[in-house]
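Here is how the chains run, residue by residue.
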Amino acid sequence: MQQVTALKTVDAQRVQFPIPANVYAETVVSVKHYTDRLFSFRVTRPQAFRFRSGEFVMIGLPNAEKPVFRAYSIASPSWDDEIEFFSIKVPDGPLTSELQKIVPGDTLLLRQKSTGTLVLDALTPAKRLFMISTGTGIAPFASLVRDPETYEKFEDVILTHTCRDHAELAYGEELFDQSANDPLIGEMANGRLTLYSSTTREISQRMGRITRLMENGKLYSDLGIAPLNRETDRVMICGSMHMLHDVKALVEAAGFDEGSNNKPADFVVERAFVG
Ligand code: A2P
């Protein structure tokens, strides 16, 4: 009798849940774990799925009648035939506790509509584009730095990425190397895309929160560039709630106005996915 019960339990776990309406069921192609807190993965892209670089989409797993969906920035550019995500792992996170276990061949659910404010359309024209990120907040910028339109609209693109330790910076460093060597983007990005990374909890070549490095001018002196200026610059910000608040205050103090899809202006913000 006991054996039968055990079998039933296993069967119950294998129950296939129906795919909800307006959701794509895609296949995981690859998974890469960077640290015990961060991983990235790529899934197949539905033919009909269109998005603008920098947007986010709701994703989930087919593991319940009503699956948990969370907003994820799409990290791949709009021309890519796969979709990439960069995620945090939260041990008790409603989605990431399971999502971190995915392997190639698994199914990922994707709501059909993407949206977001970290898009080129929400900014008015200027010379330089600053993309300020912490942690997984680099994801929408991973999409934008691989989009030719970014270089058509801006002469210089400065991507900043701040994490607790050096291992967490690896995704951004790989992104930068890949972009430089990419047949489509490499030539456009060459000499125009700059990655500026720093750590806050591990000793490294460059240390400090980006807010401090902007306030004390080290960001600009390290790169040998002019300080932030509304006349020439636009800013996109993505990170934790506190980081958004502080960087936003900093750029507003410099006279920048917040933009949106309906009313393009000087800077845009979006919260990075949290759990
Ligand atoms: P710190 O180590 O000083 O908290 P997290 O992984 O917790 O999301 O943090 C990612 C990075 O964002 C860390 O380097 C962290 O620095 C930094 N950070 C956290 N809060 C702020 C803030 N209010 N302004 C700027 N950077 C921040």
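Please read all numbers here as calculations on a predicted model, not as lab measurements. (Residues numbered from 1 in each chain as written. Predicted model: local features only at pLDDT ≥ 70, side-chain atom pairs only at ≥ 80, totals over all residues. Heavy atoms only, no water.)

Caption draft 1: How the structure looks around helix α5 (residues 170-181). With 12 residues, α5 should cover 16 Å at 1.5 Å per step; its first-to-last C-alpha distance of 17 Å lies within 8% of that length. Those residues of α5 lying buried are Y171, G172, L175 and S179. Seen along its axis, α5 keeps its buried residues to an arc of 95°; they face one direction. Here the buried face of α5 lies against β2 (38-44), β5 (82-88), α3 (139-144), β8 (156-163), α6 (186-189) and β9 (193-199). (Helix = DSSP H or I, 4+ residues; strand = E, 2+ residues; numbered from the N terminus. Expected span 1.5 Å × (residues − 1). Buried < 20%, exposed > 50% of the residue type's maximum accessible area, 1.4 Å probe, protein only. Arc of directions from axis to C-beta. Contact = heavy atoms within 4.5 Å.)

Caption draft 2: Representation of the pairing of β8 within the structure. Within β8, seven of the eight residues are buried, leaving the element largely enclosed by the surrounding structure. As paired elements, strand β7 (residues 128-134) and β8 share seven bridges and run parallel to each other. In the strand pairing of β8, L129 is matched with V157. (Pairing = 2+ DSSP bridges.)

Caption draft 3: Structural detail: the site of the ligand. Close to the ligand lie R37, T134, T162, C163, R164, T200, R201, R209, T211, H242, M243 and D246. Here a nitrogen atom of the ligand and a backbone polar atom of M243 are 3.5 Å apart. For the ligand, whose unbound accessible area comes to 560 Å², protein coverage reaches 84%. No other element matches the three residues that helix α9 (residues 241-253) contributes to the shell around the ligand. Considered class by class, the residues forming the shell around the ligand number two nonpolar, five polar and five charged. (Near = heavy atom within 4 Å. Polar contact = N/O pair within 3.5 Å; in protein donor to acceptor, adjacent residues only side chain to side chain. Areas by Shrake-Rupley, 256 points an atom, 1.4 Å probe, with all protein chains shown as cover. Nonpolar A, V, L, I, M, F, W, Y, C, P; charged D, E, K, R; others polar.)

Caption draft 4: Highlighting the sheet that holds β2. Here six strands make up an open sheet; going across it, the order is β4-β3-β6-β1-β2-β5 and the pairing antiparallel. The strands lining the two open edges of the sheet, one partner per strand, are β4 (70-73) and β5. The average undirected angle you get between the axes of adjacent strands in this sheet is 45°. (Axes fitted to C-alpha atoms, helices over the stretch in contact; angles between N-to-C directions.)

Caption draft 5: Examining the confidence of the model for the protein chain more closely. Looking at the protein chain as a whole, its pLDDT mean stands at 93, while 94% of the residues score no less than 70. Here residues 1-13 scores under 50 on pLDDT; set against residues more than four positions off or in separate chains, the count is zero contacts. (pLDDT = per-residue confidence, 0-100.)

Caption draft 6: Representation of the packing of aromatic side chains within the structure. Considering all chains together, one arrives at 10 aromatic pairs under this definition. Seen in terms of ring centroids, Y24 and F49 are 5.9 Å apart; in terms of plane orientation they differ by 80°. Their pairing is edge-to-face. Of the two residues, Y24 sits in strand β1 (residues 23-33) while F49 sits in the loop between β2 and β3 (56-60), which places them 25 residues apart along the sequence. In this structure Y24 comes out as buried when scored by relative accessible area, which is 15%. (Phe/Tyr/Trp six-rings, centres within 6.5 Å; stacked < 30°, edge-to-face > 60°.)

Caption draft 7: Focus on the sheet that holds strand β11 (residues 267-271). What the five strands build is an open sheet, ordered β9-β8-β7-β10-β11; its pairing is parallel. Among the strands making up the open sheet, the edge pair consists of β9 and β11. Going from strand to strand, the sheet's axes swing by 10° on average, the running direction of each strand aside. Relative to strand β10 (residues 233-239), β7 runs parallel, the two being bridged by six bridges. In the sheet register, I132 faces β10, and the bridge partner there is I237. Together, β8 and β9 form the strand contacts of α5, whose direction differs from that of β9 by roughly 165°. Contacting β7, β10 and β11, α9 crosses the sheet at an angle of about 165° to β10.

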